[in-house]
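Inside the fold
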Amino acid sequence: MQWLNLGLFLIEAVVYFSVMTAFLHFRRSLGLGVFLAALGVMHFMETYLAAVFYVELPFGTVSPGSSIFFAGKLMMILMLYIKEDAATVRQPIYGLFLGNLLTVGIAQILQLHAAVTLPGGRAADMAFLDEMGWLMVWGTTILYVDAIAIILLYERLGRFVDNVVVRFAISGAVMLTFDQVAFFSVLHILLGVPLPVFFGGWYAKLLAVLIYSSLFAVYLRIDQNDRWFASSRQIKDIFHDLTFRERYQALLAKAGVDGLTGLLDRGRYEVDGPELVRKSLAMRQSISMVIVDADHFKEVNDRFGHQRGDTVLRDLAACLSRSARSSDHLSRFGGEEFVILLSDTDHEKALEVAERLRVDIAANITRPDGAPLTVSIGVATAPEDGRTLDLILSRADERLYQAKNNGRDRVHGRLGKF
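In this report, the structure presented in the accompanying data block is examined. What you see is a predicted model; the values in this text were computed from it and never measured.

**Focus: the overall build of the protein**
Looking only at helices and strands, one finds 15 helices and eight strands in the protein. For the protein, buried positions account for 45% of its 418 residues.

The structure is reproduced here in C-alpha cells:
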C-alpha cells in the first residue's frame, strides 16, 4: 500500500505541475487570470488536506496537500517571477491573504446566526470553518515570507550558480524546509499532529522539489522552442491562433512604430522596457537609459513651421538609428524626446555613448536656419539608479533637466556633467 501511495503521489505531482505550467505558459493567450485563479482555488484544498488527510509512504506519513500542492504553489510562484516580475508575483499572495482574512471575518459573523438544520441535512460545522480560516491565514502568511525569501535566494544564488534549474531546486529545497518547520508547528499545537509527520512531510517536499525541478528543466527546453507546440496543434487551434494571437501581434508591431520617424513609439517602450530591465538584472548585467531631447525645438516649430520641424526630427531619428547597436532599444518617447535602452552597459560606458551622440548630432544635423542642432541628454543605470523601468526613467529625466538648466548641449549622469 505504501508503494501504491508513492506511485499516486508521483502522478499527482506531475499532473499538478504540468497543468499549472501550461496555464502559465499560455498566459498571453488565456490571460494571467486563469493561472492566478487556479492557484487560488487550490489554496483551500491544500490547507484542508494538510489538516486532515494523510497517507503512508515508504519514508513516513505525508499529507499531499502540504507536500504536493503547497510545495507546488511555492515553486509556481518562483516560476511566475522568472517569467514575469516581482510586481506580478505579489498579486496572488496579497489576494490569498486578504481573501483568507475575509473568510475568518465572515465565519465569525456567521456563527452569530441561529441556524436550522434541514430534514436529512447536515449541520454546518462552523468551528471547523473558523479553524480552517485561521489555518489558511497562517499558511498565507508563511507563503508571503516564503515567496519573498525564495526570490531573494534565487537571485543571490545567481552569483554562484549559473544553471537556472539548479538554482530553482536549491531555492525550493531551502524554503520548503523552512515552511515545513513553520506550518508543522501550528498543526502540532492546534491539531496534535505527531512529530514523525514532520520528517515524513519534509522528505516528501524534497522529493516534490526534485520532481518539479526535473519538469521545470523539461519546460525550459520546450519554452525555448515554441515550434514544438505548433507542430502538434490541430487545424482549429492554428486557425484560432491566426485570428486572435498572430493578428494581434502583427497589429501590435505595426501600432508600435512611430509614424513620423519610423522608430519604436512610446507604447512599445512601455511594453518592452520592463522586460529588458528584468532580464538584464536577472543576468546580473547593467542596463542604462539615455534620454535625448532636442534643444529649443519649440523655436524651430514656431519660426519655421511644423513641417520643417518634422524634417529635423526625422534627421535626428536617423542619426540615432545609425549610432544604435542591434541590441539597443531606441524609441521616440514623445515630441522631440527619444529614449535609448542600452543593454549590458554600465554607467560610465553609457555616458561615453551619450557624449558621442551629442557630438555626432551637432556635427551632422542642422536646423532650418543653418545652426547646428544641439541636444541635452540625461543618463541613468540599473541597478544603481533603481531596479524598475520607472525608477530609471525618473533618474534619467531628472538629469536631463539638470543638463537643460545648466546651459543645454551637454550630458548629465549620476555625478553631474560628463
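**Some details on the pattern of salt bridges**
Counted under the stated rule, the structure contains 21 salt bridges. A salt bridge links Lys279 to Glu275; the nearest nitrogen and oxygen atoms lie 3.9 Å apart. Here Glu275 and Lys279 lie together in helix α11 (residues 266-282), a separation of four residues that amounts to about one turn. Overall, the relative accessible area of 27% leaves Glu275 in the partly exposed class. In this structure, Asp369 engages Arg303 in a salt bridge whose closest nitrogen and oxygen atoms are separated by 3.6 Å. Here Asp369, found in the loop between α14 (347-364) and β6 (375-382), pairs with Arg303, found in helix α12 (residues 297-304); they are 66 residues apart in sequence, far enough to count as distant. Sharing partners across several salt bridges, the network here consists of Glu299, Arg303, Arg367 and Asp369.

**Let's talk about the environment of Leu373**
Considering the arrangement of structural elements, one finds Leu373 in the loop between α14 and β6. Its relative accessible area of 0% is what places Leu373 among the buried residues. When the C-alpha positions of Leu373 and His296 are compared, they lie 9.1 Å apart, and in sequence the two are 77 residues distant. With near-sequence residues (within four places) excluded, Leu373 lies in contact with Ala294, Val312, Leu316, Ile361, Ala362, Ile365, Thr366 and Arg367.

**Comments concerning the nonpolar core**
Ranked by size, the top nonpolar core spans 48 residues in total, and within it Leu78, Met79, Tyr212 and Phe216 carry the most contacts. Of all the elements in the fold, those that place two or more residues in this core are α1 (2-25), α3 (32-52), β1 (55-57), α4 (64-83), α5 (86-110), α6 (126-157), α7 (164-191) and α8 (196-223). When sequence neighbours within four positions are dropped, the list of residues in contact with Phe216 reads Phe17, Met79, Ile82, Val164, Val165 and Phe168. Counting 28 residues, the second largest nonpolar core, distinct from the first, contains Leu313, Leu316, Ile340 and Leu342.

**Some points on α3**
The first and last C-alpha atoms of α3 sit 31 Å apart over 21 residues, in line with the 30 Å expected at 1.5 Å per residue. If you look at α3, its biggest bend is around 25°, right at His43.

Rules used throughout
- Residues numbered from 1 in each chain as written.
- Predicted model: local features only at pLDDT ≥ 70, side-chain atom pairs only at ≥ 80, totals over all residues.
- Heavy atoms only, no water.
- Helix = DSSP H or I, 4+ residues; strand = E, 2+ residues; numbered from the N terminus.
- Buried < 20%, exposed > 50% of the residue type's maximum accessible area, 1.4 Å probe, protein only.
- Salt bridge = Lys/Arg side-chain N within 4 Å of Asp/Glu carboxyl O.
- Contact = heavy atoms within 4.5 Å.
- Core = buried A, V, L, I, M, F, W, Y, C linked by side-chain atoms within 4.5 Å.
- Expected span 1.5 Å × (residues − 1).
- Bend = angle between axes of the 7 residues up to and from the residue.

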